[in-house]
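Reading the structure
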Amino acid sequence: MSGAGPRENVFATRMALTNMKLRLKSAETGHSLLAKKRDALTTRFRAILKKVDEAKRKMGRVMQLASFSMAEVTYTTGDIAYLVQEQAKLATFRVKATQENVSGVLLPAFEVDRVSGSDFNLTGLGRGGQQVLRAKEVYAKAIETLVELASLQTAFMILDEVIRATNRRVNAIEHVIIPRLDNTIKYILSELDEMDREEFFRQVFVYNASDRHERSLAHRLKKVQGKKKRLAAIADAAKQAENKPVKSVKIDETQPKDTVAVSVVETTTAEEAVIEEVVIEEVVKGVAVDGDGAEDVTLAEPEEPTVDLLSTKDEDVIF
């Protein structure tokens, strides 16, 4: 089924589909940018990791030399810690902190600012002065290496946390947000397609129903018009029958039996045409006889074949 899986709870509308597409495009853009940021931070992280390893190795060697130099000073001069503490007035080393922007991440960078001169130049003047100066230079180098290592280590820790957070965001967008938006878009598209199909079938049903209704109305109209025509024809036929003259037949019996003399008399009223229904065959046989001794028989004109208009089908009526 399309749209199966976790999705957003939205109504399947065109506006919701547009919003989901915009969100999906933004998510893909954000995923691309975060992936690039992750790659840049990872590259810098690996470079810092390499520098940290070198700084730690260097720090180990420098501290080893500093320890030996301090041992030499102690052996030749004795304990000079209290003398150094008494003569120290100002700090010789100062640390300056700066920031470096790496793909939107501010990394601290520490630099050593060494002031020339010293407050304990006369320390070891009686004995062991050379060992004191050598120890002083070795420890100054150790401090510079220590500040460098602190800067690298701080940047390393910050980058480690930022890279983890960026990886979580990239994975969340790639495996949660984008699939959810894709499922939501598929669900909305399937629902809109279903709605379009329902609307199409509804329109087809309405069109068929209206077409059937129109055809039924046309059929009824044809029936009504056919009935009107039949009634008009019947009314015309009735009027023609009322105004039509009637012909009477007179038979002369004086003629021989083999021949029959028939005289036709026109009448204009229906009362004088009482014998209209007598046919010619009955006249010949002498069935109807008049009171004067002559057979007075009404000879009806042959009727025209009538059509039963009520029994005609509607399909025969042409409009």
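What counts, and where the lines are drawn
Residues numbered from 1 in each chain as written. Predicted model: local features only at pLDDT ≥ 70, side-chain atom pairs only at ≥ 80, totals over all residues. Heavy atoms only, no water. Core = buried A, V, L, I, M, F, W, Y, C linked by side-chain atoms within 4.5 Å. Buried < 20%, exposed > 50% of the residue type's maximum accessible area, 1.4 Å probe, protein only. Helix = DSSP H or I, 4+ residues; strand = E, 2+ residues; numbered from the N terminus. Contact = heavy atoms within 4.5 Å. Pairing = 2+ DSSP bridges. Salt bridge = Lys/Arg side-chain N within 4 Å of Asp/Glu carboxyl O. pLDDT = per-residue confidence, 0-100. Phe/Tyr/Trp six-rings, centres within 6.5 Å; stacked < 30°, edge-to-face > 60°. Lys NZ or Arg CZ within 6 Å of the ring centre and 35° of its normal. Expected span 1.5 Å × (residues − 1). Patch = residues over 30% accessible without salt bridge, like charges linked within 9 Å, V, L, I, M, F, W, Y side chains within 5 Å. Areas by Shrake-Rupley, 256 points an atom, 1.4 Å probe, with all protein chains shown as cover.

**Focus on the nonpolar core**
Residues Leu41, Ile48, Leu107 and Leu159 are the most contacted members of the largest nonpolar core, which totals 16 residues. When contributions to this core are tallied by element, the ones reaching two or more residues are helix H1 (14-76), strand E2 (105-114) and helix H3 (129-243). A total of 7 residues in this core trace back to one element, the largest contributor, which is H3. Those residues in contact with Leu159 that lie beyond four places of it in its chain are Leu41, Arg44, Phe45, Ile48 and Leu107.

**Side note on the pairing of strand E1 (residues 93-102)**
Pairing of E1 with E2, which is carried by 10 bridges, proceeds in the antiparallel orientation. Each bridged residue has a counterpart across the sheet, and for Val102 the counterpart in E2 is Val105. In sequence, E1 turns back onto E2 through a hairpin of 2 residues, with Ser103 there showing a positive phi of about 55°.

**Let's talk about the pattern of salt bridges**
The tally for this structure, following the rule as stated, stands at 10 salt bridges. We note a salt bridge from Asp196 to Arg14, for which the minimum N-O separation is 3.5 Å. Taken as a pair, Asp196 in helix H3 and Arg14 in helix H1 lie far apart in primary sequence, 182 residues in all. Residue Asp196 is classed as partly exposed on the basis of its relative accessible area, which comes to 40%. Close ionic contact of Arg197 with Glu194 constitutes a salt bridge, the shortest N to O distance being 2.6 Å.

**Side note on the confidence of the model for the chain**
Taken over all residues, the pLDDT of the chain has a mean of 75, while the share at 70 or more is 69%. Under a pLDDT of 50 for its full length, residues 257-305 has, in the predicted model, 74 contacts with residues more than four places off or in other chains. Across residues 307-319, where pLDDT falls below 50, the model places 15 contacts with residues more than four positions away in sequence or in other chains.

**Regarding the side chain of Thr184**
Residue placement: Thr184 occurs in helix H3. Since its relative accessible area comes to 0%, Thr184 is described here as buried. If near-sequence neighbours (up to four positions away) are discounted, Thr184 is found in contact with Arg7, Glu8, Val10 and Met20.

**Observations regarding the packing of aromatic side chains**
Applying the stated criterion across every chain yields a total of 2 aromatic pairs. Centre to centre, the rings of Phe45 and Phe156 are 4.6 Å apart; their planes meet at 20°, and the pair counts as stacked. Within this pair, whereas Phe45 is found in helix H1, its partner Phe156 is found in helix H3, the two being separated by 111 residues in sequence. For Phe45, a relative accessible area of 16% translates into the label buried. We note Arg7 situated over the ring of Tyr187; from NZ or CZ to the ring centre the distance is 3.7 Å.

**Focus: unusual backbone geometry**
Excluding glycine, most residues fall at negative phi; most peptide bonds, likewise, are trans. Of note, Ser103 is a non-glycine position whose phi angle comes to about 55°, a positive value. Mapped onto the secondary structure, Ser103 falls in the loop between E1 and E2. With a relative accessible area of 35%, Ser103 lands in the partly exposed category.

**Some details on H1**
Structurally, the α-helix is built with 3.6 residues per turn, so residues lying three or four positions apart point the same way. With 63 residues, H1 should reach 93 Å at 1.5 Å per residue; the first-to-last C-alpha distance of 90 Å fits that figure. Phi turns positive one or two residues past the end of H1, at Gly78, with a value near 100°.

**Quick word on a nonpolar patch on the surface**
Together, Phe200, Phe201 and Val204 line one region of the surface with nonpolar side chains, adding up to about 310 Å² of accessible area. As for its position among the elements, Val204 is in helix H3.

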